[in-house]
Amino acid sequence: MITVKNNDEVLTVTINRPDKKNALTPSMYKAMADAINSAKDGDVRVVVIEGINGVFTSGNDVAEFASAQSTTGVNETVKFMQALLNCDVPVVAKVEGLAVGIGTTMLLHCDFVYAHKNAKFAMPFINLGLVPEYASSYLIPRFAGHLKAAKLLMLGEFFDVDVAKECEIITESSADDLQQTVDDVVTKLRNKPRTALIDTKKLLKSNKTFIKSHIDVELEVFASAMQRASAQEAFSAFLDKRPVNQKIFRE
Ligand code: COA
């Protein structure tokens, strides 16, 4: 479900659950967290995160959301995001196809994000009765301004690479040479002095303490939203493949 390759100082984490559009489960978050944390001790100079089958990820597994009784359901997600935030070497994301929910949110914590021109992004939390997560409610307004952030987070609709670039969610979009683009930047990063690169990242991320406290605030709001009838109705509707009952959802 998560494939990890460590080749020539490059750790590649592949989200590999094609039958569910690479939706993420607690065990997958754990595997990703363990892999990224392992980069700290070894000779890894760059981490690459990618999906499989032309999809990055459709986000958190909605069935897991539906069965989570409290924040325990999101513990592994928290560990994964902490690993990403604390990763001291550069993280490069290669995005093809769908990058939904945490699939978009995690990009905000990567250092290089290359997306195929077919990529489609969404942070549809509001459509599940949920709220933004992992500092997206802080970072997106800072990257893109309040008006664009409100559009992305209050409407929760899909957007394309042009909007993602405008909002500083991706570094660049490319067509069929996406793998080459990623390989080129990985090669460049591998040839930089390791400590200077790590120090540069640390300096660029000097607001990490604030980001972490904002994440805690979001998580508290997220946890209470998950228990609400509107969220439960949205989860059930998705799983039952039916429209939401508007009366319950709009409460
Ligand atoms: N959680 C659980 N299952 C998911 C999933 C998710 N996030 N995303 C897709 N799947 C499942 C579908 O239920 C379907 O399963 P089935 O074959 O057993 O019926 C399978 O993956 C294929 O998905 P499908 O919906 O048929 O593909 P699509 O290309 O028509 O649509 C999405 C793709 C991502 C737009 C759509 O699946 C979707 O909206 N998923 C939910 C996204 C979401 O809300 N994520 C959480 C954000 S917080």
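A quick note: this is a predicted structure, and the numbers were derived from the prediction, not measured.

Trainee: Sorry, what's going on with the site of the ligand here?
Mentor: Taken together, 18 residues surround the ligand, and among them Lys20, Ser58, Asn60, Val62 and Lys241 come closest. The contact in question runs from a nitrogen atom of the ligand to an N or O atom on the backbone of asparagine 60, over 3.0 Å. Between an oxygen atom of the ligand and a side-chain N or O atom of lysine 241, the distance comes to 2.5 Å. Compared with its free state, where it exposes 850 Å², the ligand has 67% of that area covered by protein. If you list the elements that add at least two residues to the shell around the ligand, you get α2 (62-67) and β5 (98-100). Each residue belonging to the shell around the ligand can be placed in one class, and the counts come to 10 nonpolar, 3 polar and 5 charged.

Trainee: Could you clarify how one ought to interpret a negative patch on the surface in this entry?
Mentor: Where like charges cluster on the molecular surface, the negative patch consists of Asp176, Asp177, Asp183 and Asp184. Structurally, the position occupied by aspartate 176 is in the loop between β8 (172-174) and α8 (178-190).

Trainee: Even after reading the chapter, I still don't get the nonpolar core, so can you show me in this structure?
Mentor: A general tendency of soluble globular proteins is for nonpolar side chains to be buried together. Within the largest apolar cluster, 71 residues are counted, with the highest numbers of intra-cluster contacts made by Val47, Val95, Phe121, Leu130 and Ile169. Once you skip the residues sitting within four places of it in the chain, valine 95 turns out to touch Phe56, Leu107, Val113, Tyr114, Ala115, His116, Ala119, Phe121 and Leu178. Val48, Tyr114, Leu178 and Val185 belong to the second largest nonpolar core, which has 11 residues in total.

Thresholds, definitions, all that
Residues numbered from 1 in each chain as written. Predicted model: local features only at pLDDT ≥ 70, side-chain atom pairs only at ≥ 80, totals over all residues. Heavy atoms only, no water. Near = heavy atom within 4 Å. Polar contact = N/O pair within 3.5 Å; in protein donor to acceptor, adjacent residues only side chain to side chain. Areas by Shrake-Rupley, 256 points an atom, 1.4 Å probe, with all protein chains shown as cover. Helix = DSSP H or I, 4+ residues; strand = E, 2+ residues; numbered from the N terminus. Nonpolar A, V, L, I, M, F, W, Y, C, P; charged D, E, K, R; others polar. Patch = residues over 30% accessible without salt bridge, like charges linked within 9 Å, V, L, I, M, F, W, Y side chains within 5 Å. Salt bridge = Lys/Arg side-chain N within 4 Å of Asp/Glu carboxyl O. Lys, Arg positive; Asp, Glu negative; His and termini not counted. Charge placed at Lys NZ, Arg CZ, Asp CG, Glu CD. Core = buried A, V, L, I, M, F, W, Y, C linked by side-chain atoms within 4.5 Å. Buried < 20%, exposed > 50% of the residue type's maximum accessible area, 1.4 Å probe, protein only. Contact = heavy atoms within 4.5 Å.

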